[in-house]
Amino acid sequence: MKTIFKNPSQIVTVDTNGKDFKSGNELSDAAILYEHSIIVENGIIKDLIPNSSLQKVNESRIIDLKDMVVLPGLVECHTHAAFAGNRAGEFLMRLQGSSYEEIAQAGGGIISTMKAVRESSFDELVKLLQPRISHFVAQGVTTLEIKSGYGLSYYDEIKLLQVINYFKTNSSICIIPTFLGAHAYPPEYKNDHSQYLELIIKEMLPYIIKNKLAEHVDAFCEKTAFSAEEVDKIFLKAKKLGYKIRLHTEQFNNIGGLEVALKHKILSVDHLEVITGKDISKLANSEITAVLLPGVSFFLDYGYAPARKLIEANCIVALSTDFNPGSSHIPNIQLIMQLAALKMKMSAEEIISSVTINAAKALDLNKQIGSIEIGKQADLAVFRVKEFQEIIYNIGVNLNRYTVKKGEIIYQQAETK
Ligand code: NIG
Ligand code: FE
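Residues numbered from 1 in each chain as written. Chains lettered and ligands numbered in written order. Predicted model: local features only at pLDDT ≥ 70, side-chain atom pairs only at ≥ 80, totals over all residues. Heavy atoms only, no water.

With that settled, the discussion passes to the overall build of the protein chain. Secondary structure assignment for the protein chain yields 15 helices and 18 strands. A globule of 417 residues ought to have a C-alpha radius of gyration of about 22 Å, and the protein chain, at 21 Å, matches this closely. By its C-alpha atoms, the protein chain is 70 × 45 × 45 Å across when sized along the principal axes. In the protein chain, which comprises 417 residues, the proportion classed as buried is 60%. (Helix = DSSP H or I, 4+ residues; strand = E, 2+ residues; numbered from the N terminus. Rg over C-alpha atoms; globule rule 2.2 N^0.38 Å. Buried < 20%, exposed > 50% of the residue type's maximum accessible area, 1.4 Å probe, protein only.)

Structural data, given as structure tokens:
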């Protein structure tokens, strides 16, 4: 049985001519189709046909999308959504002048969330994560990455990954778990970093991939977290074990993270608020995706990543919420798209490319998802607008009407007159 997604005002295909990602000025080509419909069969995009040929398609379920815009399902490629507790107190401290790094150094920050996670059971963590995932689905997200990184012990990192994996089988969208044991040094290893590194390298990394709890690994390269040399050691082992690798780097300081990322040819470098011009050129000569997180700059009130320079240098730019309790308590990909426009001067087309095909590339899923092309998975986000730019203009309003996963409507917003 076929399904026809019929007659939307625009299909923003984000077609890449078979390249499966967009770099530099390619990001500004959203490849829009007018007066076309999408034919889906067995969860896959079978065809994109002009409306004039629709009568030739038989035995079909028809979903009328008149006056709506279809985008590829949104790919949210960087979140820390699996957490417990909250950091509202720290938020207030920052408003009174303390910095994020000062709070972290004083034992708050990631460590305060770690304490809350350690005190929570599997069931409690599942209960907390469930509505957060639903909230993303309602915005048109069909693929969602979620990192561990708030357990910071063998037992608690695995518990958190099991929680995330629970939703791999019990949610309507694709959930990608990432192991972020190298997020911060836990208090018990405060004065013995090499012991914690050894725990990650010798015990956690092998157990997690062997038990299929995560095939992605991430680390945080920063003065308050892991040095470039420490990250290098983790990546060497991760590579041997077959992990897909990513890195939080150049968020507050340049301490060599980008060099390590280039050396290991990893999937993505995330943050880049303080990347230097020289490093931008190096990144542009690689196939590493630059994942920008404007929610962090907004929430912490400091400088934004140089999106224009990265795009002008021909980098592969993606966007994400970085949803977490401390540096970006913003579970809203649409707001991130709006911040990218207002604060980083990205065009509407560039923004769409960044939350679809390029975000899929950061997860190494760009051959299956991220654009509306024949043969790809039928993951779609349908918005109640006539032109896709209106999604960015309507700040604070969720205009997503349908979220479609593998050709099935998994979320439907009540109709408004
Ligand atoms: O991506 N940079 C490190 N990790 C998160 C923040 C996590 C937290 O503050 O809880 C980030 O910004
Ligand atoms: Fe992050």
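On to unusual backbone geometry, then. Positive phi, close to 55°, is recorded for Val14, a residue that is not glycine. Structurally, Val14 is set in the loop between strand 2 (10-12) and strand 3 (32-33). Exposure remark for Val14: the relative accessible area of 0% places this residue in the buried category. The phi dihedral of Glu35 falls on the positive side, at around 50°, and the residue is not glycine. Mapped onto the elements of the fold, Glu35 is located in the loop between strand 3 and strand 4 (36-41). Here Glu35 falls in the exposed class, since its relative accessible area comes to 61%.

We now examine the environment of Lys361. Summarising the element assignment, Lys361 is placed in helix 14 (residues 357-362). As a C-alpha pair, Lys361 and Arg246 span 115 residues in sequence and 12 Å in three-dimensional space. Not counting chain neighbours up to four residues away, the residues in contact with Lys361 comprise Phe21, Leu267, Glu287, Thr289, Ile316 and Asn366. There is a polar contact of 3.0 Å between the side chain of Lys361 and the side chain of Glu287. (Contact = heavy atoms within 4.5 Å. Polar contact = N/O pair within 3.5 Å; in protein donor to acceptor, adjacent residues only side chain to side chain.)

For the rest of this paragraph, the subject is the sheet that holds strand 9 (residues 141-147). The strand order across the open sheet built from 8 strands is 8-9-10-11-12-13-14-15, with neighbouring strands paired in parallel fashion. Pairing within the sheet leaves two strands with one partner each, and these edge strands are strand 8 (74-76) and strand 15 (316-319). Across the sheet, the mean angle from the axis of one strand to that of its neighbour is 25°, orientation sign disregarded. Running at roughly 165° to strand 12 (residues 244-249), helix 7 (residues 228-241) makes contact with strand 10 (174-182), strand 11 (216-219) and strand 12 of the sheet. (Pairing = 2+ DSSP bridges. Axes fitted to C-alpha atoms, helices over the stretch in contact; angles between N-to-C directions.)

Moving on: the layout of surface pockets. Considering only enclosed or pocket space, the largest pocket measures out at about 480 Å³ in volume. Every residue lining the largest pocket is counted, 20 residues in all, and those nearest its centre are Ala104, Gln105, Ile111, Tyr185 and Thr224. Those elements giving two or more residues to the lining of the largest pocket turn out to be helix 2 (100-105) and helix 3 (110-118). Residue composition of the lining of the largest pocket, by class: 10 nonpolar, 7 polar and 3 charged. As a volume, the second largest pocket reaches approximately 180 Å³. The wall of the second largest pocket is formed by 13 residues, among which Arg94, Ser98, Ser99, Tyr100 and Leu300 lie closest to the centre. Elements with a minimum of two residues in the lining of the second largest pocket: helix 1 (88-95), helix 2 and helix 10 (294-300). With 3 residues, the single largest contributor to the lining of the second largest pocket is helix 1. Of the residues assigned to the lining of the second largest pocket, the class counts are 7 nonpolar, 3 polar and 3 charged. (1 Å grid on protein atoms, 1.4 Å probe; cavity = no way out; pocket = protein on both sides within 12 Å on 5 of 7 lines; lining within 4 Å. Points joined across faces, edges and corners; volume = space filled by probe spheres on them. Nonpolar A, V, L, I, M, F, W, Y, C, P; charged D, E, K, R; others polar.)

Checked against the element boundaries, Arg87 lands in the loop between strand 8 and helix 1. Within polar-contact distance, the side chain of Arg87 engages the side chain of Glu90 at 2.8 Å. When neighbours within four sequence positions are excluded, Arg87 is seen to be in contact with Tyr100, Gly109, Ile110, Ser112, Thr113, Tyr150, Pro325 and Gly326.

Attention shifts here to the site of ligand 1. As a matter of local geometry, ligand 1 sits amid 15 residues, with Arg87, Tyr100, Tyr150, Asp322 and Ser327 nearest to it. Measuring from an oxygen atom of ligand 1, one finds a side-chain N or O atom of His80 at 3.3 Å. Between ligand 1 and the protein, one listed contact pairs an oxygen atom with a side-chain N or O atom of His271 at 3.0 Å. Considering ligand 1 on its own, with 330 Å² of exposed area, one finds that the protein chains cover 100% of that surface. Under a 2 Å grid-point criterion requiring more than half of the atoms, the pocket assigned to ligand 1 is the largest cavity. A per-class count over the shell around ligand 1 returns 4 nonpolar, 9 polar and 2 charged. (Near = heavy atom within 4 Å. Areas by Shrake-Rupley, 256 points an atom, 1.4 Å probe, with all protein chains shown as cover. Sits in = over half its atoms within 2 Å of the grid points.)

Protein-derived ligands of the iron ion (ligand 2) are His78 (NE2), His80 (NE2), His248 (NE2) and Asp322 (OD), with the metal-ligand distances lying across 2.1 to 2.3 Å. Expressed as a motif, the donor residue spacing for the iron ion (ligand 2) is H-x1-H-x167-H-x73-D. In this pair, His78 is assigned in the loop between strand 8 and helix 1 and His248 in strand 12, connecting sequence segments 170 residues apart. You'll find His78 and His248 in the same group, each marked buried. (Donors = N, O, S within 2.8 Å, 3.2 Å for Na, K, Ca; no water.)

Adjacent strands of a sheet pair through backbone hydrogen bonds, lying either parallel or antiparallel. Pairing is mixed in the open sheet, where 4 strands are placed in the order 5-4-1-6. Strands at the two margins of the open sheet, each flanked by one partner only, are strand 5 (44-50) and strand 6 (60-64). Looking at each pair of strands side by side, their axes are set apart by 25° on average, direction ignored. One ladder, built from 4 bridges, connects strand 1 (residues 2-6) with strand 4; its direction is antiparallel. Residue Thr3 lies in a different strand from strand 4, and its bridge partner there is Val40.

Now for the state of the cysteines. The tally for this structure, following the rule as stated, stands at 0 disulfides. Cys174 provides the cysteine sulfur closest to Cys77, a residue in no disulfide bond, and the two sulfurs are 13 Å apart. By relative accessible area, Cys77 is classed as buried at 0%. (Disulfide = S-S within 2.5 Å.)

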